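Architecture and fold: a report
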Amino acid sequence: MSVGTSARSLPGSGEERRHLIVAIVNNKPGVLNRVASLMRARNFNIESLAVSVTERSDTSRMTLTIVGDEVHVEQAAKQLYKLIDVLKVQDVTDDSTVEHELALIKVRATKRSRPEIVSVAEMHRAKVVDLGDEAVIVEVVGEPADIDALVELLREFGIKELVRTGSVVMSRGSGSIEEQVKR
Amino acid sequence: MAEPGHVPGAGSSAAIASERARREMLRDARVTSRGGVRPRIGADALCEAILLQGSDTIWGYPGGVILPLYDVLADHPGLRHILVRHEQAAAHAADGYARASGKVGVCLGTSGPGATNLVTGVGTAMLDSVPMVAITGNVPNALIGKDAFQEIDITGITLPMTKHNYLVRSADEIPYVIAEAFHIARSGRPGPVHVDITKDALMGETAATHPSAADIEAGLPGYRPKVDGHPRQIKLLAEAIAGAHRPVILAGHGVLIAGAERELLELARAAQIPITWTLLGIGVIDEKDPLAYGYMGMHGWKHVNRAIQSADLLIGIGMRFDDRVTGNVRTYAPKAKIAHIDIDPAEIGKNVVADLPIVGDAKHVLDALLPLITKVDPAIRTDYFAELATWRTESEGSSWHGSGGFRDGVLSADFVVDRIAAGSGFDANLTADVGQNQMWVARYGAFRRPNSHISSGGLGTMGFALPAAMGAAVAVPEKVSWAIAGDGGFQMTLQELATVVQERIPVKIALMDNKKLGMIRQWQEIVYAGNYHSEQLAGPDYLKLCEAYGLPAWKVSTPDQADAAVAAALAEDGPALIWFEIAERQNVYPMMPAGKGLSDLIDKWGDDGEDVTEGDAGPRLDPMHPTEGGPK
Ligand SMILES: Cc1ncc(C[n+]2csc(CCOP(=O)(O)OP(=O)(O)O)c2C)c(N)n1
Ligand SMILES: [Mg+2]
């Protein structure tokens with residue numbers, strides 16, 4: 001039997017990029033574990049995950065950043081939807097949004113370098129929230145790329161500790177993903 | 001909470017009041033099977049909830065933390081508890097019960113090892129979308145997380161292999177959770193739900209009432225399966241069908257789950273489309289129907305795979321284009337547009353790119369599609385159907401089917417399956433195990449009725465046949481239930497012979513003894529160049545084994561003995577076994593080697609007729625002349 005020369009394309013062979021997914025889930029014990037377990041089992045690569053309670057105490061909001069092509073990420077969203085405790089999933093990558101992250105950066109400091117660190121921080125609209133003899137803690141809130149840039153600059157002084165919350169995101173305008181949850 | 005012996009409302013004269021009082025009493029207190037009244041506890045609520053959901057059988061095994069349930073089981077006479085010999089069998093039995101009847105199967109085990117033993121059966125149900133509620137006991141609340149005796153994080157274990165799971169810590173939660181578990185198990189794309197209940201929750205007194213179906217649905221905002229397909233997509237499908245010259249329907253388990261066999265046939269007739277089926281789709285159409293074309297995939301019929309490869313439109317309904325069906329996706333049906341109907345949105349675009357996706361229940365979608373179908377004049381399909389008929393004759397004629405079994409007095413597996421099916425009037429439920437026997441059942445079972453074929457397709461669990469057939473026999477007593485198992489799979493769960501004897505479950509067992517892990521041997525022969533290892537399988541004298549268990553049994557070694565043994569086994573009221581000593585080296589052909597495509601089938605009887613054995617395996621072993629001897 002002859003087989004056509006054109007090969008059928010495989011799902012998920014498109015271009016990879018970073019996607020931002022928002023999920024509204026029941027605020028119950030174990031839900032985070034369900035989401036994390038699903039992502040691991042299905043081989044989806046989570047870059048960051050931020051979770052907190054929403055305006056309603058019975059729901060939580062998760063912001064996931066996943067790297068993959070459109071089909072791959074759509075598959076992740078569909079698999080998330082299959083979890084009974086997941087109420088709403090939305091890929092907001094291409095929406096108009098505010099995406100912010102918070103980082104705390106503990107930077108090695110000496111008497112001499114301290115003023116320099118403070119001015120670098122201020123230039124990046126970051127705050128110094130702890131001033132010690134040998135270290136300062138810089139707090140910055142902003143877009144991940146801006147935080148990356150600041151971290152790069154502070155690396156010169158020596159970073160002792162770094163923690164980032166992962167992105168949280170909200171769409172601009174009056175639309176609300178929480179209001180879209182059907183109850 | 002009523003005290004024992006106290007009847008609330010007793011002495012009231014008004015009939016309504018007394019009825020209300022009686023109900024109150026039933027809710028809060030139980031008259032025990034041993035007389036006397038005791039409080040209603042969580043375990044009672046569990047039994048009531050299962051009965052309210054329409055399931056009447058629990059397949060289970062007791063243990064420490066689940067004993068409070070066994071303490072009240074006798075007080076719920078509507079609920080039959082069947083004691084298995086291993087919890088894995090309880091899960092498979094619940095699975096077979098569900099597949100044969102469409103009801104939710106219920107299985108039960110204690111904490112720790114009882115629960116882990118259930119896991120294989122739960123996973124089997126998950127991969128095949130079988131509605132099941134698996135219940136386990138757990139240690140008392142205060143001991144959770146303390147590594148107590150027989151404590152294991154079983155909800156952590158079942159999380160990735162259930163549709164949903166629960167840990168229940170109080171008696172009051174039980175009615176709601178069980179009702180929700182049944183609802184989730186059977187709706188949408190069905191699947192197993194696991195409910196882990198602490199010992200205190202089983203023992204705690206409770207007056208909690210059972211919720212209504214509406215309560216349950218309202219309480220699940222995150223779970224609203226979409227059953228109706230999008231009208232625009234359905235219209236596009238109707239247009240695609242009208243424009244197709246070589247359409248093929250690929251029907252799967254979803255058609256059976258939805259009960260859409262009639263709609264499927266109407267579509268096939270109206271638009272003159274041949275129906276092919278997946279392993280779990282067997283039974284979607286009477287195989288004798290002129291539009292029934294056959295079983296597809298890795299060990300499917302060559303003519304079926306050929307039809308798929310040459311199609312211009314594939315209509316997948318309630319199936320998931322898994323790797324056993326498509327082979328290499330890049331070379332799969334290269335000229336075809338793919339329409340894909342499934343209730344699970346995640347299946348669409350997962351394995352193949354669908355040109356025309358429709359999310360919905362097969363029955364709902366087909367119902368909406370049928371009025372849009374323009375009736376096709378069969379004359380238009382004359383050439384297409386003539387070609388299909390030629391291919392079919394070629395591929396069916398090339399197997400042993402129907403003739404080979406008698407050749408040289410060799411008992412071939414396909415012949416055995418054929419005699420079992422025919423001897424049972426093509427009306428029995430045939431449950432397969434895994435391996436070559438499974439493929440022979442799929443190819444030669446000649447199924448004529450929905451849900452009459454039961455097989456572990458997704459997980460491919462050896463040891464499935466006997467316990468699952470047990471479940472089917474209990475669920476559908478009016479039909480004969482056969483377990484057709486290889487010698488390997490049979491030896492994995494043969495302890496259940498004691499269950500079928502004790503409970504007089506009339507399962508008929510066909511042991512397909514090739515004294516080998518046949519499918520392993522076949523792969524080692526064909527894929528690993530005859531480098532055999534660990535494929536020889538010693539077994540007991542199965543007649544003596546059955547005698548020990550108290551089960552009538554027959555041994556069949558030549559084709560002429562087959563019909564009489566089948567008739568004798570069927571004549572028994574209770575369980576019976578036939579030990580078929582089949583050809584030791586028969587292969588399942590055709591075969592699609594892993595990674596290859598549907599057009600690359602190895603077919604010993606194919607056009608090229610090439611000898612597929614290479615390497616140092618010595619002279620090719622002719623399956624027509626199996627070697628005698630070998631380990632018993
Ligand atoms: C629990 C389990 N272990 C291992 C396998 C891998 N496996 C698939 S088929 C097969 C051989 C089955 O032998 P038998 O039951 O005798 O059936 P036959 O192929 O001979 O018909 C094995 C080991 C499996 N499917 N399930
Ligand atoms: Mg075998």
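Residues numbered from 1 in each chain as written. Chains lettered and ligands numbered in written order. Predicted model: local features only at pLDDT ≥ 70, side-chain atom pairs only at ≥ 80, totals over all residues. Heavy atoms only, no water.

What follows covers the pairing of strand S2 (residues 46-53) of chain A. Residue and element names in this part refer to chain A. Here seven bridges tie S2 to strand S3 (residues 59-68), and the two strands are oriented antiparallel to one another. Residue Val-53 lies in a different strand from S3, and its bridge partner there is Ser-60. Between the end of S2 and the start of S3, which pair antiparallel, lie five residues. (Pairing = 2+ DSSP bridges. Helix = DSSP H or I, 4+ residues; strand = E, 2+ residues; numbered from the N terminus.)

So, about the coordination of the magnesium ion (ligand 2). Every protein donor of the magnesium ion (ligand 2) is listed here as Asp487(B) (OD), Asn514(B) (OD1) and Lys516(B) (O), and their distances to the metal cover 2.0 to 2.1 Å. Judged by relative accessible area, which is 5%, Asn514(B) ranks as buried. (Donors = N, O, S within 2.8 Å, 3.2 Å for Na, K, Ca; no water. Buried < 20%, exposed > 50% of the residue type's maximum accessible area, 1.4 Å probe, protein only.)

Two pairing modes exist for strands in a sheet, parallel and antiparallel, and in both the strands are linked by backbone hydrogen bonds. Residue and element names in this part refer to chain B. If you walk across this open sheet you meet the six strands as S4-S3-S5-S6-S8-S7, and the pairing is parallel. Every other strand in the sheet has two partners, leaving strand S4 (80-83) and strand S7 (164-168) as the edge strands with one partner each. When strand polarity is set aside, the average angle formed by the axes of neighbouring strands in this sheet is 20°. Note: strand S3 (residues 57-60) against S4, four bridges, orientation parallel. Its bridge partner lying in S4, Ile-58 is registered against His-81. Contacts from helix H19 (residues 465-475) reach S3 and S4, with the element oriented near 160° to S3. (Axes fitted to C-alpha atoms, helices over the stretch in contact; angles between N-to-C directions. Contact = heavy atoms within 4.5 Å.)

What follows covers the nonpolar core. Residue and element names in this part refer to chain B. Core analysis: the biggest nonpolar cluster contains 98 residues, and Ile-241, Ile-249, Ile-308, Leu-314, Tyr-332, Trp-482 and Phe-580 have the highest contact counts within it. No fewer than three residues from each of domain 2 (231-394) and domain 3 (403-616) sit in this core. Beyond its immediate sequence surroundings of up to four residues, Ile-241 is in contact with Leu-267, Ala-271, Ile-273, Leu-313, Ile-315, Leu-369 and Ile-373. Core analysis: the next-biggest nonpolar cluster, separate from the first, contains 50 residues, Ile-82, Ala-485, Leu-494 and Tyr-542 among them. (Core = buried A, V, L, I, M, F, W, Y, C linked by side-chain atoms within 4.5 Å. Domains from an automatic or database assignment.)

What follows concerns the confidence of the model for chain B. Residues and elements named next belong to chain B. In this model, chain B carries an average pLDDT of 90, and 89% of its residues clear a pLDDT of 70 or more. Low confidence marks residues 1-12, where pLDDT is under 50. Its contacts with residues over four positions away, or in another chain, come to 17 contacts. This model gives residues 605-632 a pLDDT under 50, and the stretch forms 50 contacts once residues within four places in sequence are excluded. (pLDDT = per-residue confidence, 0-100.)

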